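Secondary and tertiary structure notes
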Amino acid sequence: PYGEDGTIQGFLEVADIAYVGSGVTASAVAMDKSLSKIVFAAAGMHIVDGIVVTSNDWKSKVADVVYPVFIKPARGGSSRGTHKVKSAADLENALNDAFTFDRKVLIEEAIVGREIECAVLESDGAIIASVVGEIVIDSKFEFYDFEAKYLDDATAVIVPAEIPVAAAQEIRTKAVQAFKALGCSGLARVDFFYTDKGEVIINEINTIPGFTDTSVYPKLMAATGVEYAALITALIT
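Heads up: these notes are all about the structure in this document. Quick caveat, the model's predicted, so the values are computed rather than measured.

1. Notes on the packing of helix α2 (residues 24-31) against helix α3 (residues 33-42)
The interhelical angle for the contact between α2 and α3, taken along N-to-C directions, is 105°, at an axis separation of 5 Å. Looking at the two axes, α2 sits roughly perpendicular to α3. Contacts between α2 and α3 involve Val29, Ala30 and Met31 on the former and, on the latter, Lys33, Leu35, Ser36 and Val39. Here the residues of the contact of α2 with α3 sort into five nonpolar, one polar and one charged.

Now the structure itself:
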């Protein structure tokens, strides 16, 4: 919040200060998963089925929920407040935690699939999609939660992802499609699920992806031939 959701971008626009990355609208919509999913679906992309609830109306909306599901704040990051819920008995506690991060929460079908990510870079008027990578997490973690993302050696990134060439190309194409559909600028990381049935399902787009030593974005760009210094230079330019 404030850094990636369009808030600081709006401040910089008003102050007439140049900045890297997407503008106000794209940042805000990308941050709000309940809105970005609408844009992705309108663009013809396959999204995860789910519903949006608030603390006031969730009890009236969950009668038909089929478990397991994922609970996640609509506008959050780093998987904070995200839970995998396997039964109705555990739903309320998970929702209450998610509501501490956002008043809107998504209840989504739990997809059985591999987590595939693609980096997008806009440079010199061209939009480039990286080779795709797969996130593989330690077996002690049930999903890619906050601890799995940031604890040492909890995850590995396989680049390029060991999936069929046609599927990898589809993901690269859809990453650029998602980038354009939201009106993004500069850079983004687009996250997908690749199922055992060969389905490509878009999960979310991150307009300010991580740049730490363990972050996926610079690794994917390096594997595509854009090393770190060149990447930073392209973004600043």
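2. A word on the environment of Met221
Inspection of the secondary structure assignment puts Met221 in helix α7 (residues 216-223). On the basis of relative accessible area, Met221 is assigned to the buried category, the value being 0%. Here the alpha-carbon distance between Met221 and Glu13, two residues 208 residues apart in the chain, equals 28 Å. In this structure Met221 touches Ala119, Leu121, Ser130, Val226 and Leu231, once residues within four positions along its chain are discounted.

3. As for the packing of aromatic side chains
Scanning the entire structure with this criterion turns up two aromatic pairs. With centroids separated by 5.6 Å and ring planes inclined at 50°, the aromatic side chains of Phe211 and Tyr217 adopt a geometry described as tilted. Assessed through its relative accessible area of 28%, Phe211 is described here as partly exposed. Taking the relative accessible area as the measure of exposure, Tyr217 reaches 0% and is therefore buried. Considering the side-chain rings of Phe211 and Tyr228, the 6.1 Å spacing of their centres and the 70° angle between planes classify their relative orientation as edge-to-face. Remark: Tyr228 occurs in helix α8 (residues 228-236) and Phe211 occurs in the loop between β9 (200-206) and α7; sequence separation between them is 17 residues. Relative accessible area serves as the criterion here: at 44%, Tyr228 is assigned to the partly exposed category. Within the aromatic cluster, the residues linked to one another by ring pairs are Phe211, Tyr217 and Tyr228.

Cut-offs and rules
- Residues numbered from 1 in each chain as written.
- Predicted model: local features only at pLDDT ≥ 70, side-chain atom pairs only at ≥ 80, totals over all residues.
- Heavy atoms only, no water.
- Axes fitted to C-alpha atoms, helices over the stretch in contact; angles between N-to-C directions.
- Helix = DSSP H or I, 4+ residues; strand = E, 2+ residues; numbered from the N terminus.
- Parallel < 35°, antiparallel > 145°, perpendicular 65-115°, else oblique.
- Contact = heavy atoms within 4.5 Å.
- Nonpolar A, V, L, I, M, F, W, Y, C, P; charged D, E, K, R; others polar.
- Buried < 20%, exposed > 50% of the residue type's maximum accessible area, 1.4 Å probe, protein only.
- Phe/Tyr/Trp six-rings, centres within 6.5 Å; stacked < 30°, edge-to-face > 60°.

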